[in-house]
Every structure is written in C-alpha cells, then in structure tokens.
Amino acid sequence: MLDLFSIFSKGGIVLWCFQNTGHIFTPSVNALISNVVLQERTGNNSFEHNSLVLKYKLDNEFELVFVVAYQKILQLAYIDKFLDDIQLEFRDKYKNELHRSMHSHSFDSFQKHFKAVLKSAEEWGKAQECIQKPMRTYQESAKSKKTVSSMVEKKSENKENKKKASSIEAPANKESSKPNTLPVNGVNDDIISQNRAKFAQKLGSPNAKKAKTTKSPKENTKEGKKPRKWDLGGGSSDLQYLDYTKDKGENKNESEYNFSTNTEIVGKMKGSIRDLEVEEESEVDEEFETAAERKKKAEAKSRGVFSVFQGLVGNKNCTPEMMEPVLEKLKDHLISKNVATEIAQNLCDSVSKQLEGKVLGTFESVTSIVKNTMNESLVRILLPQKKVDILRDIMEAKKQGRPYVIAFCGVNGVGKSTNLAKITFWLIENNFQVLIAACDTFRAGAVEQLRTHMRHLNSLHPPSKHKGLEMVKLYEKGYGKDAAGIAMEAINHAKDVKVDVVLIDTAGRMQDNEPLMKALSKLIKVNDPDMVLFVGEALVGNEAVDQLKKFNQAIADNSDSANPHLIDGIVLTKFDTIDDKVGAAISMTYITGKPIVFVGTGQTYTDLKSLNAKAVVSALMK
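Draft legend 1. Layout of the packing of helix α16 (residues 514-527) against helix α17 (residues 542-557). It is at 8 Å that the axes of α16 and α17 come closest, and there the two elements cross at 65°. The hand of the α16/α17 crossing is right-handed. Together, M517, L520, S521 and I524 of α16 and K550, F551, A554 and I555 of α17 make up the contact between the two elements. Of the residues contributing to the contact of α16 with α17, the split by class is six nonpolar, one polar and one charged.

Draft legend 2. Summary view of the environment of S46. By secondary structure assignment, the location of S46 is in strand β3 (residues 46-49). For the pair S46 and V67, spaced 21 residues apart in sequence, the C-alpha separation works out to 9.8 Å. Leave out the neighbours within four places in its chain, and S46 touches V53, L54, K55 and Y56.

Draft legend 3. Looking closely at the layout of surface pockets. In this structure, the largest pocket encloses a volume near 1300 Å³. In this structure, the largest pocket is lined by 34 residues; those nearest its centre are F47, E48, Y590, I591 and T592. Every element with two or more residues in the lining of the largest pocket is listed here: α1 (26-37), β3, α10 (341-355), α17 and α18 (583-592). Looking at the lining of the largest pocket element by element, the count peaks at six residues for α17. Partitioning the lining of the largest pocket into residue classes produces 11 nonpolar, 15 polar and eight charged.

Draft legend 4. The environment of Q433, seen in detail. Within the fold, Q433 resides in the loop between α13 (416-429) and β9 (434-439). Relative accessible area serves as the criterion here: at 11%, Q433 is assigned to the buried category. Once the C-alpha coordinates of Q433 and V502 are considered, the two residues, 69 residues apart in sequence, prove to be 8.8 Å apart. If sequence neighbours within four positions are ignored, Q433 has contacts with L469, E470, M471, K473, K498, V499, D500 and V501. Polar side-chain contacts of Q433 include one of 3.1 Å to the backbone oxygen of E470.

Draft legend 5. Here's a closer look at the environment of V65. If you trace the backbone, V65 turns up in strand β5 (residues 64-71). The class of V65 is buried, set by a relative accessible area of 1%. Taking the C-alpha atoms as reference points, V65 and I7, 58 residues apart in sequence, are found 5.8 Å from one another.

Draft legend 6. Spotlight on the sheet that holds strand β14 (residues 596-600). In space, the eight strands of this open sheet follow the order β10-β9-β11-β8-β12-β13-β14-β15, with mixed pairing throughout. At either end of the open sheet lies a strand with only one pairing partner, and these are β10 (472-475) and β15 (608-609). Alignment of strand β12 (residues 531-537) against strand β13 (residues 569-573), held across five bridges, turns out to be parallel. Its bridge partner lying in β13, F534 is registered against I570. Here helix α12 (residues 390-399) sits on the sheet in contact with β8 (404-410), β11 (501-506), β12 and β14, set at roughly 135° to β8. Helix-sheet contacts for α16 involve β8, β9, β11 and β12, and the interaxial angle to β11 is about 165°.

Thresholds applied
Residues numbered from 1 in each chain as written. Predicted model: local features only at pLDDT ≥ 70, side-chain atom pairs only at ≥ 80, totals over all residues. Heavy atoms only, no water. Axes fitted to C-alpha atoms, helices over the stretch in contact; angles between N-to-C directions. Helix = DSSP H or I, 4+ residues; strand = E, 2+ residues; numbered from the N terminus. Left-handed = near helix turned anticlockwise from the far one by under 90°. Contact = heavy atoms within 4.5 Å. Nonpolar A, V, L, I, M, F, W, Y, C, P; charged D, E, K, R; others polar. 1 Å grid on protein atoms, 1.4 Å probe; cavity = no way out; pocket = protein on both sides within 12 Å on 5 of 7 lines; lining within 4 Å. Points joined across faces, edges and corners; volume = space filled by probe spheres on them. Buried < 20%, exposed > 50% of the residue type's maximum accessible area, 1.4 Å probe, protein only. Polar contact = N/O pair within 3.5 Å; in protein donor to acceptor, adjacent residues only side chain to side chain. Pairing = 2+ DSSP bridges.

Here it is in structure tokens:
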C-alpha cells in the first residue's frame, strides 16, 4: 500500500528509507521540504504533490522528519496511527545513538521493526472499518428538543396576533398620505406633541407656551454650497487641460503633454522600489523619564498580550498542553490584526508542532519561545522563495527581442488601474517604454481612466527628454470586445514598435463570477504573460483567503494545460489605511506561497513600495 517511507534529519541526512516501487520520489520529497518544512507550514501534516499524498511527522527533540507517501486514490485510515507508532519505535530503539551521533551509526536493523509496526497499523485499520458507528438516538436529535406545545398553533393566539397586527397597521395607513410624518409604535409624532401641549396648558405651566404645537420650521436663510473655483495658477484657459472629452487626433506635439506642472516627483523612483516602513511606537529616552513614568511604563508592559503567561518557566520537554494557553492568546492577537481566522489557526498549529518535544532551557519561558518561533515563521512566510527582480527580467526579455508582459487581475474596486499607473511611472523612471493594454472592456470609463493616466505620465516624461520617444502608449479597442484578443494584439504591436513592457489591465471580477473567471483564464492561457499579479486590498481579512483560492482554482480549472499559469505575485493596495492591522499580507502569502511584489501606500505615483518582511512582522506582533 505504501509507496515510500523515509526517516531523515532536518539537516538533510537520510537515516532509513523503504521504497515499494521503482518510481522516483525525490521531486515530491524535495517539494515537501521546500514548501512545508522550510516555510513553517507544518500545521497540517498532509501534503499533495502530483499523484501522491505525503504525510509527515516531526520529532523536534532529535530534529527528525518521518514521511509516508502513497497514491491519492487510496484511503488509508491507519496512516496517522502508523506515523505515531513508528516514531515511538524508532526513538525507543535508537535513543542513545541519536543523542550521540546519527552520522556514524547504521540503522539497517530497523527493517523488521518497521514491518511489525506497519502490519499492526494495517490490522488496526481493518478493525476500525468493521466497527459500525452507532446510530444517533432520538434524544440526540434536534427534533427531540421541540416540545409538543411549541408545535401546536392555538386559534385564540392566532386571532390575537392578527388583531395586534391590524391595529398597528391601521394608523400607519391613514397617515401614509401625509408628508413628513413618521409613526412611532402606531402613534404619530404630531399627535403626541399636541397632547403634551394641551396637558401643559391645563396645569398652567410657565413653559406651556414653549410646549405648544410645533410650528413649521423656519426657512433656511443660509446660502447653499457655492461651486468651487479652481485656482490653476492662470486664467480660464487653464481649464482646457482638465477637458479630455475632445479627441486631439493622432498628430501629437509638445504642447499636448503640458498636462501638469507638478514635476517634483520626477526622478524619485529610479532604481529598485524602496522598502515599506511601518511606524513603530516612539520610545522616550530613559534618561529623562521620571520614576512615576518608568513605573507606569513597566505596568503597561506587564499588561501586554503575553504577560499573563510570563511565569511559565521550565526545563523539560515542551508539550501541547503547556503551549495551549499561549497559542490561544496568540491566535486571538493575530485575528485582531486582520489575519484570517483559518490562517491564524494553521500558524498556531504549525508552531505547536515545531516546538512539541523540544527541551526548554532553565530560564526559558514557554511564552518567549512560542513568540520567537512565531516571529521566525512569519518572516519566512513573507520572504519570497525566489527573489523577484522585475527590472532584471525586463532587460533579459529585451535581449531576446520581445516585450515583458505583466497581467493584472483582482476583484472590483481594489485599485488595479491606479497601481498599474504607479508601476508604469516606476518603469518609465527607469527608461523603459510601456504599452498599456486596455483589456477592461466592461466597466464604463475604464479606457478613459487609462487614457488620463497616459497623458499625465507623458507630461511628466515628455518625448523631448527621451530622444523624441513617447514613453507611455495606450492600446485600446473600445468596449464590449474580447479581452484576450485585445491583449494578443497589444503584445504583437509592442513587438513591432519595440516597446519594452506591456501592462495588461483587466476588468474587476468577483471570485464567484464564473463567466468572467473563464474569460480571465482564457486571457492568461492565450497570451502566457511573464507575470500574473493579483491586486488585493490590505483591508480584507478572511475574504482575502477566499478570493485568492478561487482565483487560482478558476484559472486552473479553465485551463487544459497540465501546468496552468497561476498567480505569480501580489500587489497589496491601500496599505496606508490600516495602521498596524497588517494581517492581510500574511493571509495572502500563506495561501499562495507567492511574494507581495508591490505595496500601494497612497494616491500619487510615488506611493509604491516593496514589502519589508521584518517591519510587517514587528507591527503584527506588537
């Protein structure tokens, strides 16, 4: 039944291996190590690769990994029990050797123990299959919770309910024709005020005059909102630069790019994108702190997220029971910082499995080791598996005589077009010509928005500064056309005119919209862009998980390729609106395993940053 069983150290030394077939399992095991073990995704002890299921068990005391591989079509109920039993068997038999040195010792004698444990686990699995689950009793069902009286409808109660409903509806219907009257509990506000006035007059109250029937409100003597006058630094002729409705024709001259006088941002985006800086709490110099301030600061620290568990100190093996209260508190903290609930639970499970069985130092608290391990795990998740260098890749594509193609996708309203314009500005700052393919043929105004960005960007970098070359061009075919066809035409046009980069803007679509998801999959399949970027908001939490899963799944399902081109990276927008709730970055990278390539931090062209993993984790854990 088992295709492979292997025991190896986290350092890469294979201690013992059993293989049932001649199939090569090295790629599957390497994928498990690179995608799960090294990236701290060990919360779920199952990993699928091609047609195989790989289940694993970590032994943190001896830094060992136990791996079982079998075909997906098999349902082996005894695998988890087998892994637990085989780990205990191996530890008990070779405990002394593992403490000394595992390099020089031979584990060949483990063959008979392996077969005995496997046979015992298989027999246990067969016995479990024969055991029938007892039927649920009537007392356990939801029906038993209902009483007979609750299911009987009494006629008298029904009549009373109808009378109450009619008495409430009647006044509302009478007064419905009168304007500006809102019935409250079946009685009009005007009637209440009149009754109060009459009552006050009978008592002879000095405030009776004030309590008279409410008069009609006085007319508003304030002037209405006046139209805003735009001061553009000149006369009314400056308004012509705000009018894009007129078609200026194909003959472009230098005056057309006289769009904006704001040239302060030119030259600020040369080279690589700057790292994101997450603001930390400012610390007061201790030299100038009073005793009261120091005491207050110490009390505030003692009331921190993990302060409840600071007393947990030990010098023994770490157990799940010891870590449970700390991890529960840590999970709540992550969720409060906008990490998706499912991801927060998986991260805590992963930390628990990493630390289970690990020996604590004498002065090492459970809280500190859990928090440090979580910090390391989060940094590993955010750091890309492969360094993304778009400028280098563009130069490589240029040597091959073709344009570098980036496609943008995402849900509605996340800022795809705006961040595409920011990336365009960064590229032209580095002397690359850009062609924007207007493939959003669905949303009204999408093409006009890109045309506006094109004119603005060309005004910042006019042709006179680039040997007469127009740095940004727009390829458009209007609305209602096939997006995949427009993208293909744009790429071919870019090859002909020797443009360096093609940026494909697609229509926003919800992850559940099947027709639009099929259209996106077709665009990616037909054009095969160098990079597919998913644009998502930093504001979302659990929704980010659903969006990314379904986008990737839809692209894969609608592609007949064995290795479909999925999402390559993420653009995280509106990062300036979330303060320290940066959990969406963790959720998105955890789901896809892909890096966050760009971070949008504002509305101007220079508000584009690259992700600083340590700064984000610091903000997340403080």
